[in-house]
Amino acid sequence: MAPRTRAKADTALPQTIPTREQILAFIAESKERVGKREIAKAFGVKGGAAKIELKAVLKEIEAEGGLERGRGGFQAAGHLPPVVLADIRSRDRHGDFLAVPAEWKGEGKPPSIVLMPVRGGRGAKRPAPGIGDRALIRVERDAEGGYSGRVIKVIGKNKAEIIGVYRAGAQGGRIVPVDKKAQGKEILIPPGEEGEAKDGDLVSVALERETRFGLPRGRVRERLGSLGSEKAVSLIALHIHGIPHVFADATLAEADAVKPATLKGREDWRDRPLLTIDPPDAKDHDDAVMAEPDEDPGNPGGFVVTVAIADVAAYVRPGTSLDREALERGNSVYFPDRVVPMLPERISNDLCSLREGEDRPALAVRMVIAADGVKRRHSFHRVMMRSAAKLSYAQAQAAIDGHGDEKTGPLLDRALRPLWVAYAALKTARDRRGPLALDLPERKVLLTPEGGVDRVIVPERLDAHRLIEEFMIQANVAAAETLESAKQPLIYRIHDEPALEKMRALGEVLGSVGIKLPKEGALRPDLFNRILRSVAETEHAIFINEVVLRSQAQAVYASENLGHFGLNLRRYAHFTSPIRRYADLIVHRALITACKLGSGGLSSDISAGDLAAIGETISATERRAMAAERETIDRLIAGHLADRVGATFAGQISGVNRAGLFIKLDETGADGFVPISQLGADYFRHEEGRHALVGERTGETFRLGDRVEVRLVEAAPVAGALRFELLSEGRQGSRGGGTRKGPGRPFKAASPGRPAGIRTSRSRHRGSRR
């Protein structure tokens, strides 16, 4: 079709109006949004009459379906505009993020956009996008018709996308959301909108519309996996929290290509009796320990304690795919049914696992300890070691207690007894230092071969555990001290002191049980320890331990040092687990640079700002992992208890808010909810300072830490939610609240009222991961 021309005034040149093909080609090639003004300028269309004619041509093309009018301009039909709002959904086989447009009016499935890595400069300082994010993306079309793009700005999480379980039906299907807060709010999937989903599949759903009456409607965007498969429960948490769990091809290729480290440039420590002491089911062993008497006459009764840590920096170099993916993961994630490692198994379970009898590279710290437990000096070494033995905690403890076996017998005098004697000295110094001593037992979920819950146990706390913990703490302190003295930037593990408002709230709670919190003096862990000791043998012990825990700040990673309040240490950095924590890998690299220990050190151009950004990233991934681990345990136990609806359980009030009570069961440690509407005929008000619900008329009080008996009313395994009926009476008191514990009744029927839906159990964590 020939370009249209139009005769102007006698003195004007004729105007050439671009053809349909020229307009479409110009829009397709443009890297910016294109409107009528841009088209007119590109083709030299001037004058009112010519622009009117151009507008008519554009309308004609649009009517034929060749153009679509988007936000701010035109785009070729079925094509994406240069800048698009999109949701980051998954990764391709190369590990690159894949996004899909938030809105798509073309035929068939919306096209995928392969996101290019963030370039250096200002863009590299921005928070990295992740799965589940909604972002503004600059898009380019390649020669094969596909799309690639770069993130301009992360807008936030896609709130319109819901993760749920698909239930097929004759007239379409329904989605049961996995979010506890959305329990009872199913989503209708009309016929033809279910995609590839089958009954029981975990899917992501886009809400299409929500009306005042009837169920909201949606469409299945992606099938995430089958809940009938192995490791199905943790699959939910992985997708809800956007945790990467499949390594990119480039990362796996790098790991497979790695050659084992050699003795070159390393000290030969292969004849030293270094032991790994871990849980019996540990698959990787990243720390080994030994102790021996100090032969220096100037240190009578002293010891030399050595902690050797797998040299991950020898294999994971800055700027590689291995390094980028390790930073994105931030840490390994531990579920009862699987481990999602920070590094591929070739690195974590092979080359960097300190296997018994095999040569392995390590970064070791040699600490000279006085008889009173005070560290006199230390030094870092890059070595080749060979683990003398792999022991479990119980195995090492049994040998010390006089119940050795064939393996530990020959090691008793040479390796094990020196460890325990050195630990006794370090424990003396620890007791003087007075770290926070909370007594809150950790539970462990044991699974059946089929993946269900077998039982929940509280592992015995042995001196072997405390020994390894104290050795690791001392090694972490030594790392921070060395890097500070060398003025080498590092990532600290910091734990700030409790905030003033939390201390005020703690004071109110302690006052309710007759304990006075001092108003003056420096805030020290020993203040809390004195409180804990004063209630150790009373009915308030668990309650006060929980309240003290909640008063504490959360430990995080940072490039600026605030000290570690819980451990009562002025400086602290994570050094001892580089296989599973990216912070430790950064510290290893910094030590290699500071101590001139060879290649693989911290890049010379890395700044404090870069480390601050890394600290924020890995603090967030740690919180993400903790939430995912906790929610997975909730789902497993809810499934375990689903066939015991109607049974009664003993427990403790573990949380209080204006909506009701959270109850932790003694048997499993599971958390469930009692709605306030089910507490009785009285009107209950929430007294936040006392962590209590108090009856307005009777003064009946339910307080954090109280022992109760409950009946299980409902269990929702997919959401990990439990709803209870309270059978016990509260504390009796006068109007306004009391603290006298009533005699209690074995049973109290729930008051009539509208049924309450399942509520979420409170998300909590055990203070800091030191």
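A short tour of the structure in this document, coming up. Computed from a prediction, not measured in an experiment: that's the story for all the values here. (Residues numbered from 1 in each chain as written. Predicted model: local features only at pLDDT ≥ 70, side-chain atom pairs only at ≥ 80, totals over all residues. Heavy atoms only, no water.)

So, the pairing of strand β17 (residues 287-293)
Moving on, step 1. β17 sits mainly inside the fold: five of its seven residues count as buried.
Moving on, step 2. Relative to strand β18 (residues 303-310), β17 runs antiparallel, the two being bridged by seven bridges. Bridge assignment links A288 to a residue of β18, and that residue is A308. (Buried < 20%, exposed > 50% of the residue type's maximum accessible area, 1.4 Å probe, protein only. Helix = DSSP H or I, 4+ residues; strand = E, 2+ residues; numbered from the N terminus. Pairing = 2+ DSSP bridges.)

Notes on the pattern of salt bridges
Moving on, step 1. Scanning the model with the defined rule gives 44 salt bridges in all.
Moving on, step 2. The salt bridge involving R223 is made with D201; its shortest N-O contact spans 2.6 Å. Taken together, the residues R223 in strand β14 (residues 217-226) and D201 in strand β13 (residues 201-209) connect sequence positions 22 residues apart.
Moving on, step 3. Each of R346, D350, R355, E358 and R360 takes part in a single network of salt bridges with overlapping partners. (Salt bridge = Lys/Arg side-chain N within 4 Å of Asp/Glu carboxyl O.)

Quick look at the side chain of H564
Moving on, step 1. Along the chain, H564 falls in the loop between β27 (556-558) and α14 (582-594).
Moving on, step 2. Overall, the relative accessible area of 2% leaves H564 in the buried class.
Moving on, step 3. Here the side chain of H564 touches G566 through a polar contact of 3.5 Å, landing on its backbone nitrogen. (Polar contact = N/O pair within 3.5 Å; in protein donor to acceptor, adjacent residues only side chain to side chain.)

Some details on the nonpolar core
Moving on, step 1. Counting residues in each nonpolar core, the largest one holds 85 residues, and the members touching the most others are L275, V307, I347, L416, L419, F471 and F575.
Moving on, step 2. Looking at this core element by element, the count peaks at 10 residues for helix α10 (residues 463-485).
Moving on, step 3. When neighbours within four sequence positions are excluded, F471 is seen to be in contact with V289, V305, V307, M367, L419, A422, Y423 and L426.
Moving on, step 4. Counting residues in each nonpolar core, the second largest holds 45 residues, with V547, L661, V708 and L726 among its members. (Core = buried A, V, L, I, M, F, W, Y, C linked by side-chain atoms within 4.5 Å. Contact = heavy atoms within 4.5 Å.)

Section: a positive patch on the surface
Moving on, step 1. On the surface, a cluster of positive charge is made up of K36, R37, K51, K55 and K59.
Moving on, step 2. The leading source of residues in the positive patch is helix α3 (residues 48-63), at three residues.
Moving on, step 3. Inspection of the secondary structure assignment puts K36 in helix α2 (residues 36-42).
Moving on, step 4. Assessed through its relative accessible area of 36%, K36 is described here as partly exposed. (Patch = residues over 30% accessible without salt bridge, like charges linked within 9 Å, V, L, I, M, F, W, Y side chains within 5 Å. Areas by Shrake-Rupley, 256 points an atom, 1.4 Å probe, with all protein chains shown as cover. Lys, Arg positive; Asp, Glu negative; His and termini not counted. Charge placed at Lys NZ, Arg CZ, Asp CG, Glu CD.)

Observations regarding helix α12 (residues 525-534)
Moving on, step 1. Of the positions making up α12, those classed as buried are P525, L527, F528, N529, I531 and L532.
Moving on, step 2. Those residues of α12 that are buried are in contact with α11 (500-512) and α13 (541-551).

Observations regarding the side chain of S728
Moving on, step 1. You can see S728 is positioned in the segment after β35 (721-726).
Moving on, step 2. In this structure S728 comes out as buried when scored by relative accessible area, which is 11%.
Moving on, step 3. Only 2.7 Å separates the side chain of S728 from the backbone nitrogen of E709, close enough to count as a polar contact.

Overview of the packing of aromatic side chains
Moving on, step 1. All told, the structure shown has four aromatic pairs when counted by the stated rule.
Moving on, step 2. Arranged with centres 6.0 Å apart and planes meeting at 85°, the rings of F528 and F565 form a pair that is edge-to-face. Note that F528 is positioned in helix α12 and F565 in the loop between β27 and α14, a separation of 37 residues in sequence. Here F528 matches F565 in class, with each residue buried.
Moving on, step 3. The ring of W269 carries R272 above its face, with NZ or CZ at 4.0 Å from the centroid.
Moving on, step 4. Directly above the aromatic system of Y557 lies the positively charged group of R493, at a separation of 4.5 Å from the ring centroid. (Phe/Tyr/Trp six-rings, centres within 6.5 Å; stacked < 30°, edge-to-face > 60°. Lys NZ or Arg CZ within 6 Å of the ring centre and 35° of its normal.)

Comments concerning unusual backbone geometry
Moving on, step 1. Unusually for a residue other than glycine, N568 sits at a positive phi of about 55°.
Moving on, step 2. The topology assignment puts N568 in the loop between β27 and α14.
Moving on, step 3. Unusually for a residue other than glycine, H691 sits at a positive phi of about 55°.
Moving on, step 4. If you trace the backbone, H691 turns up in the loop between β31 (684-687) and β32 (692-695).

Regarding α14
Moving on, step 1. The terminal C-alpha atoms of α14, which comprises 13 residues, lie 18 Å apart, in line with the 18 Å expected from a rise of 1.5 Å per residue.
Moving on, step 2. The element α14 is extensively covered by neighbouring structure, given that 11 of its 13 residues are classed as buried.
Moving on, step 3. Those residues of α14 lying buried are Y582, A583, D584, L585, I586, V587, H588, R589, A590, L591 and I592.
Moving on, step 4. Phi for K596, located one or two positions after α14, is positive at around 55°. (Expected span 1.5 Å × (residues − 1).)

Observations regarding the environment of L438
Moving on, step 1. Note on placement: L438 falls in the loop between α9 (412-433) and β24 (444-447).
Moving on, step 2. Relative accessible area serves as the criterion here: at 30%, L438 is assigned to the partly exposed category.
Moving on, step 3. Sequence separation of L438 and R533 is 95 residues, and the distance between their C-alpha atoms is 9.9 Å.
Moving on, step 4. Excluding residues that lie within four positions of it along the chain, L438 makes contacts with L532, N545, V548 and L549.

Quick look at the sheet that holds strand β33 (residues 701-703)
Moving on, step 1. Across the sheet, three strands lie side by side as β31-β32-β33; this open sheet has antiparallel pairing. Each edge of the open sheet is held by one strand with a lone partner, namely β31 and β33. On average, each strand axis in the sheet is tilted by 20° relative to the strand beside it, whichever way the strands run.
Moving on, step 2. Sheet topology note: the β32/β33 ladder contains three bridges and is antiparallel. When the sheet's bridge partners are listed, L693 is paired in β33 with F702. (Axes fitted to C-alpha atoms, helices over the stretch in contact; angles between N-to-C directions.)

What to know about the environment of L354
Moving on, step 1. The residue L354 is located in the loop between α7 (345-351) and β21 (359-369) in this model.
Moving on, step 2. Spatially, the C-alpha atom of L354 lies 7.5 Å from that of A288, the residues being 66 residues apart in sequence.

Details of the environment of Y683
Moving on, step 1. For Y683, the location among the structural elements is in the loop between β30 (671-675) and β31.
Moving on, step 2. Given a relative accessible area of 60%, Y683 falls into the exposed group.
Moving on, step 3. In this structure the C-alpha to C-alpha distance between Y683 and L693, which are 10 residues apart in sequence, comes to 9.6 Å.
Moving on, step 4. Dropping the residues within four chain positions of it, Y683 is found in contact with V694, G695 and E696.

Regarding the packing of helix α8 (residues 393-400) against α9
Moving on, step 1. The N-to-C vectors of α8 and α9 enclose an angle of 95°; their axes lie 10 Å apart at closest approach. Taken as axis vectors, α8 and α9 run roughly perpendicular relative to one another. Taking contact as the criterion, the partners of A396, Q397, A399 and I400 in α8 are, on α9, L412, L416, R417 and W420.
Moving on, step 2. When grouped by side-chain class, the residues that make up the contact of α8 with α9 number six nonpolar, one polar and one charged. (Parallel < 35°, antiparallel > 145°, perpendicular 65-115°, else oblique. Nonpolar A, V, L, I, M, F, W, Y, C, P; charged D, E, K, R; others polar.)

Let's talk about the packing of α10 against α14
Moving on, step 1. Remark: α10 packs on α14, axes separated minimally by 10 Å, with the N-to-C direction vectors making an angle of 50°. Considering the angle they form, α10 stands oblique to α14. Between α10 and α14 lies a crossing of left-handed hand. For the pair formed by α10 and α14, the contact residues are A479, T482 and L483 on the first element and V587, A590, L591 and A594 on the second. (Left-handed = near helix turned anticlockwise from the far one by under 90°.)

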